[in-house]
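Letter by letter, the chains look like this.
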Amino acid sequence: MAKIKKFATLQKQLEIQRDIRYLKCKNTDEVKGDLLKYNYFNIINAFEDVLLEKGLDKKVYVNKKFNDYKTLYSLDRFLADNLFSNLLKIENELKTAMAYFFCESYCRENVNQLLNYIKLENYGGALTSGANKKQCSRFENHILFSKKTNISVKCKKIKFTGSIKDDTRGSTDLILAGKFVGDFQGTSKNEFSGELSFKKSEFHGTKKGIVNNYELEEGLCGRFKCKTYIDYCKIKYPHISTYMKPPMWIIINTLTIKQLYYLYIGMDEVIKTKIIQAVSSKNFYFDSSLDKGAFLNAFELIAEVRNKVFHGDNVTLIRSPNNFAINLNLVNRLNLNPVRGKSYEIRLMDIIKIFELFNSFDSSVMKKKLKRYLWKNRILNKNDINR
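Note that the structure is predicted; figures quoted are calculated from it, not measured.

A. Looking closely at the layout of surface pockets. Put simply, the largest pocket is a space of about 930 Å³. The set of elements that each furnish at least two residues to the lining of the largest pocket consists of helix H4 (48–51), helix H5 (66–106), helix H14 (348–355), helix H15 (364–379) and helix H16 (383–386). With five residues, the single largest contributor to the lining of the largest pocket is H15. When grouped by side-chain class, the residues that make up the lining of the largest pocket number 17 nonpolar, four polar and 10 charged.

Shown next, in the form of structure tokens:
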């Protein structure tokens, strides 16, 4: 049955732990300060299964202190920081390998091929890799191929070539559709293709129809519907606006980890094989033919865990998503222990085993910190916490 949790003041939260569950709280003001600082759910609920006495009908502590919670929380945050740092390294290595090997195949001959990475016809892997319908759809509608990205702009020195017309949707807007040469506020001088819409009252020109090198009024503001994702990036990111045709190894840094994952799905099998071999650990790399499903599974797990850690989830509570199965090849090779069913939902230490298959992932610092925590508990006669 779903829970209902009512608001409780800091004093009430303290009383629940100290007076009802017998948690030792030496400095009550400090405890309330920590509850406000860290959030009751994050510091108490996340770890109470570790500290509460087992085998009783009600929640009580035996010889446990609030400081035990703080120590656990501190350990969790240390693991989270280190895990996130490692995942960023994997993400960066994936971006580098994907951009390099795609450009090696499709963007290397001349400058006219620099933007081949935004052309859907240069991808075909989604149909041959065994991707499901949802994955194929996400790839085909990837932001790299999108013509619907919008962004607010303010004109500086812009010359426009194209058509000036009324908005046919019945609004009071004018639409300029074509090519814009110059600079918007925050960009370098460049070329931008798309549609600029704005209120008629802000436009002091008299021309409509087809125009050539028409100078727009400085300070004119509106919404720019970009023809390509490249045009969007040239407006949004000042450093990208310095490139007429931004190469893939620059644009790929604007993609989220999920967008990166779906882009990988669409790449052809030769490129995928090169990526896998480039980023996989030397002592256990994903076989190019047998383990592509395992690699895709690991890639998706990186995206899921990375976002959870980024949004502040407690690392010790992290599980793999329960709506997709962990690849059986990974389960068997790494001796994983799924929580539910044959290959669903693995816990943190099993997740780390999978991440260790990547070159950039180093778990030694996390493991050292965890061992030190367990050792200290044994010294302090807190083996029940370790168990």
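Continuing now.
B. Representation of H14. For H14, the buried fraction is high: six of the eight residues fall into the buried class. Of all the residues in H14, the buried ones are Leu348, Asp350, Ile351, Ile352, Ile354 and Phe355. Where the residues of H14 are buried, they touch H5, helix H12 (292–310), helix H13 (328–334) and H15.

C. Highlighting the environment of Ser152. Positionally, Ser152 belongs in strand E1 (residues 150–166). Along the backbone, Ser152 and Ser197 are 45 residues apart, and their C-alpha atoms lie at a distance of 9.7 Å. If we skip the residues at most four places from it in the chain, Ser152 touches Gly222 and Arg223.

D. Main features of the packing of H12 against H14. At a minimum axis distance of 10 Å, the contact between H12 and H14 shows a crossing angle of 125°. One way to sum up the angle between H12 and H14 is to call them oblique. Every pair of crossing elements has a handedness; the one defined by H12 and H14 is left-handed. Counting all contacts with H12, which are made through Ala298, Leu301, Ile302 and Val305, the residues of H14 involved are Ile351, Ile354 and Phe355. For the contact of H12 with H14, the residue count by class is seven nonpolar, no polar and no charged.

E. The arrangement of the packing of aromatic side chains in detail. Throughout the structure, instances matching the rule amount to 22 aromatic pairs. Considering the side-chain rings of Phe84 and Phe310, the 5.9 Å spacing of their centres and the 35° angle between planes classify their relative orientation as tilted. Of the two residues, Phe84 is situated in helix H5 and Phe310 in helix H12; the sequence distance between them amounts to 226 residues. According to the relative accessible area criterion, Phe310 is exposed, its value standing at 52%.

F. Region of interest: the packing of helix H2 (residues 28–38) against H5. Running from N to C, H2 and H5 cross one another at 30°; their axes reach a closest spacing of 11 Å. Considered as vectors, H2 and H5 are oriented roughly parallel to each other. The interaxial crossing formed by H2 with H5 has left-handed handedness. Facing Glu30, Val31, Asp34, Leu35 and Tyr38 of H2, the residues of H5 in contact are Phe66, Lys70 and Tyr73.

G. Fine view of unusual backbone geometry. At Tyr22, a residue that is not glycine, the phi angle is positive and equals roughly 65°. Mapped onto the secondary structure, Tyr22 falls in the loop between helix H1 (10–20) and H2. Taking the relative accessible area as the measure of exposure, Tyr22 reaches 48% and is therefore partly exposed. Located in the positive-phi region is Asn63, a residue other than glycine, with phi close to 55°. Looking at the element boundaries, Asn63 is found in the loop between H4 and H5.

H. Local environment of the pattern of salt bridges. This structure, assessed with the given rule, holds 16 salt bridges. The partner of Lys382 in a salt bridge is Asp68, with the nearest N and O atoms 2.6 Å apart. Remark: Asp68 occurs in helix H5 and Lys382 occurs in the loop between H15 and H16; sequence separation between them is 314 residues. For Lys382, a relative accessible area of 22% translates into the label partly exposed. Because the salt bridges share partners, they merge into one network encompassing Arg21, Glu48 and Lys59.

I. Structural detail: the environment of Asp29. As for its position among the elements, Asp29 is in helix H2. Look at Asp29 and you get exposed, because its relative accessible area is 57%. The spatial distance from the C-alpha of Asp29 to the C-alpha of Leu10 is 9.7 Å, given a sequence separation of 19 residues.

J. View of the environment of Phe358. Its place among the elements puts Phe358 in the loop between H14 and H15. Classification of Phe358 by relative accessible area gives buried; the value is 2%. For Phe358 and Ile276, which are 82 residues apart along the polypeptide, the C-alpha to C-alpha distance reads 9.2 Å. The residues contacting Phe358, other than those within four sequence positions of it, are Ile90, Val279, Ser280, Ser281, Phe295, Ala298 and Ile302.

K. View of a positive patch on the surface. Among the surface-exposed residues, Lys368, Lys369, Arg372 and Lys376 lie close enough to one another that they form a single positively charged patch. With respect to the element layout, Lys369 can be found in helix H15.

L. Layout of a nonpolar patch on the surface. Together, Trp375, Ile379 and Leu380 make up an exposed nonpolar region whose accessible area comes to about 330 Å². Tracing the chain through its elements places Ile379 in helix H15. The class of Ile379 is exposed, set by a relative accessible area of 57%.

Quick notes on the rules
The residue numbering used here restarts from 1 in each chain and proceeds along that chain's sequence as written. Local features in this predicted model are restricted to residues of pLDDT 70 or higher, and side-chain atom pairs are both shown and tallied only at a pLDDT of 80 or more, whereas totals for entire chains, interfaces and linings draw on every residue. Excluding hydrogens and water, the side-chain figures rest on all heavy atoms present in the structure. A cavity, in this analysis, means grid points on a 1 Å lattice covering only the protein atoms where a 1.4 Å probe fits yet has no way out; a pocket is instead an open set bounded by protein on both sides within 12 Å along at least five of seven lines, and a residue lines either one if it has an atom within 4 Å of a point. Grid points are joined across faces, edges and corners, and a volume is the space filled by probe spheres set on the points. Helix and strand assignments follow DSSP, with helices taken as H or I runs no shorter than four residues and strands as E runs no shorter than two, numbered in order from the N terminus. Residues were grouped as follows: Ala, Val, Leu, Ile, Met, Phe, Trp, Tyr, Cys and Pro as nonpolar; Asp, Glu, Lys and Arg as charged; and all remaining residues, including Gly, as polar. Think of it in three bands: residues with accessible area under 20% of the maximum for their type are buried, residues over 50% are exposed, and the middle band is partly exposed, with areas taken using a 1.4 Å probe on protein chains only. The criterion used for residue contact is that any of the two residues' heavy atoms lie within 4.5 Å. Helix axes are fitted to C-alpha atoms over the stretch in contact, other axes to C-alpha atoms as well, and angles between N-to-C directions run from 0 to 180 degrees. Put simply, angles under 35 degrees are roughly parallel, angles over 145 are roughly antiparallel, angles from 65 to 115 are roughly perpendicular, and the rest are oblique. The handedness criterion is simple: a crossing whose near helix is rotated anticlockwise from the far helix by less than a right angle is left-handed, and one whose near helix is rotated clockwise is right-handed. A pair of Phe, Tyr and Trp rings is counted when the ring centres sit within 6.5 Å of each other, with Trp represented by its six-membered ring. The angle between the planes then sorts it: under 30 degrees is stacked, over 60 is edge-to-face, the rest tilted. Note on definitions: salt bridges are taken to be side-chain nitrogens of Lys or Arg within 4 Å of carboxyl oxygens of Asp or Glu. Patch building starts from residues that exceed 30% relative accessible area and form no salt bridge, then joins like charges within 9 Å and nonpolar side chains (Val, Leu, Ile, Met, Phe, Trp, Tyr) within 5 Å. Residue burial considers only the protein chains on display, and all accessible areas are found by Shrake-Rupley using a 1.4 Å probe. For the purpose of charge, His is not counted, nor are the chain termini; Lys and Arg are scored as positive and Asp and Glu as negative. To locate a charge, take atom NZ for lysine, CZ for arginine, CG for aspartate or CD for glutamate.

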